[in-house]
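One-letter residues, chain by chain:
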Amino acid sequence: MSEPLLSMEDVTVEFNSQDGRLDVLSNENPVRAVDGVSLDIEENDVVALIGESGCGKSTLGKTAIGAQRPTSGSVTYRGQDIWDARESRGEIQLPFEEIRRSLQIIHQDPGSALNPNQRVLTSLMLPLKRWQPELSYEERQERILTLLEHVGMSPAEDFVNRYPHQLSGGEQQRVVLVRSLLVNPDVVLADEAISALDVSLRVEMMDIMLELQSVFDTSYLFISHDLSNARYIAQQADGRIAVMYLGQIVEIGPVNEILKNPQHPYTKVLKWATPELYEDVETEVPIREIDVPDPTNPPSGCRFHTRCPRARAACRATQPESYDVGPNHESHCFRSDETHDYWESEPLHE
Ligand SMILES: Nc1ncnc2c1ncn2[C@@H]1O[C@H](COP(=O)(O)OP(=O)(O)OP(=O)(O)O)[C@@H](O)[C@H]1O
């Protein structure tokens, strides 16, 4: 099998809940924002990562692109450990500068990503100058104008002379997208990149991202708290959806498998909570109405057992491993194992 483009292996990220640093002398429990996650991203892949606020999506995304150091586990890009490259440890096959160029990020707020005192042209010239110094000024300008036209900012000659405050939110986000793609990255982390846009513009922005994917052969790790957006982008790209709960990926698979055949009770909750996706006639509410657990003191066993109406004693005692439940489809729930002791153990919430 060929090597994945980007690979996370048993990655854990802990923060001291006060200031983000892990303080070994503190009595306070750290927040385990990411807890033992393994995830591969292939060339031209789209992985939509969903889950409720605070479940660790951003931390996982930042760790994937080398912007957050894992507390344990490894993150490799084309087989090179990112942190070894970053800290010049061992034999380096790929310099960190090259890795940094290849892994780009687009944030939720394009306004803060753009320098307010720079015209669009200057903002876009800088990365090209840095990464492709062999291009002449005219060649760089030509490339920028073509891409801006490509994302619908036409006439591009007009837009390049504007400052960020002279652009709408949607236009700013397109400039940020163009800026990240100009350096020809392999993976773009889009962290809630469309959430701040008007609903009417979200699909348009996702379409632009997908179109540019075919031009640049880029993979996207697309973070969203909204299952319908995740569904849209993953479906158009024939990609996957990964469902995260309290620091862990609880289910991952091809978009249609996840939506038509969800296996983890938490995935069913997300689907149930998304009216346009919930066509089942089931009347039972698939979640117990209790607060989200404290991330500094997560539940034992399956993290979801306190909210899961199907939980049994086995779920409190042991953490479910990953079960293959379909083609490329994995779920971390004992209910996927017909012979598991779960079925004999006592229901917790009846
Ligand atoms: N720098 C930090 N210092 C301390 N705790 C942090 C830090 N970054 C994240 N956390 C904690 O880690 C957990 C996961 O946060 P993260 O931002 O990754 O989640 P998220 O799913 O992206 O949430 P949201 O959708 O609200 O951005 C949360 O409990 C958060 O408070």
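Residues numbered from 1 in each chain as written. Predicted model: local features only at pLDDT ≥ 70, side-chain atom pairs only at ≥ 80, totals over all residues.

An unreviewed UniProt entry lists the chain under the name ABC transporter ATP-binding protein, with Halocatena pleomorpha as the source organism. Checking UniProt for the chain, the heading Sequence similarities (unreviewed entry) contains the comment "Belongs to the ABC transporter superfamily." (UniProt positions renumbered as here; feature names shortened; annotations may be inferred.)

Q: Is there a simple way to think about the sheet that holds strand β4 (residues 72–77) in this case?
A: Remark on secondary structure: sheet strands pair via backbone hydrogen bonds, oriented parallel or antiparallel. With respect to topology, four strands assemble into an open sheet ordered β2-β1-β4-β5, the strand pairing being antiparallel. Edge positions in the sheet fall to β2 (31–41) and β5 (80–81), since each of these pairs with one other strand and no more. Sheet topology note: the strand β1 (residues 6–15)/β2 ladder contains seven bridges and is antiparallel. Bridge pairing in β2 places Phe15 opposite Val31. Against the sheet, helix α1 (residues 57–64) engages β1, β2 and β4, with an angle of about 130° to β1. (Pairing = 2+ DSSP bridges. Helix = DSSP H or I, 4+ residues; strand = E, 2+ residues; numbered from the N terminus. Contact = placed C-beta atoms within 7 Å. Axes fitted to C-alpha atoms, helices over the stretch in contact; angles between N-to-C directions.)

Q: Just checking my understanding: could you explain the nonpolar core for this structure?
A: For soluble globular proteins, the rule of thumb is that nonpolar side chains tend to be buried together. With 92 residues, the main nonpolar core has Ala48, Leu49, Leu221, Phe222 and Val243 as its most contacted residues. Apart from residues lying up to four places away in sequence, Ala48 is in contact with Phe222, Ser224, Ala230, Ile233, Ala234, Gly239 and Ile241. (Core = buried A, V, L, I, M, F, W, Y, C linked by C-beta atoms within 7 Å. Buried ≥ 20, exposed ≤ 12 C-beta atoms within 10 Å, placed from the backbone.)

Q: Where do I start with α1 in this structure?
A: In an α-helix, one turn spans 3.6 residues, which is why side chains three or four residues apart end up on the same side. A large share of α1 lies buried, amounting to seven of its eight residues. For α1, the complete set of buried residues consists of Lys57, Ser58, Thr59, Leu60, Gly61, Thr63 and Ala64. Just past α1, the residue Gly66 takes up positive phi, approximately 80°.

Q: Looking at this structure, how should I read the sheet that holds strand β10 (residues 248–254)?
A: With respect to topology, eight strands assemble into an open sheet ordered β6-β7-β8-β3-β9-β10-β12-β11, the strand pairing being mixed. Two strands lie at the open edges of the sheet, namely β6 (103–106) and β11 (323–326), each paired on one side alone. Taking each pair of neighbouring strands and ignoring which way they run, the sheet shows an average axis angle of 25°. Examined bridge by bridge, strand β7 (residues 187–191) and strand β8 (residues 219–224) share five bridges and lie parallel to one another. Residue Val187 lies in a different strand from β8, and its bridge partner there is Ser219. Packing against the sheet, helix α10 (residues 227–236) makes contact with β3 (46–50), β8 and β9 (240–245), and its axis sits at approximately 175° to β3. Contacting β3, β9 and β10, helix α12 (residues 265–272) runs over the sheet at an angle of about 105° to β9.

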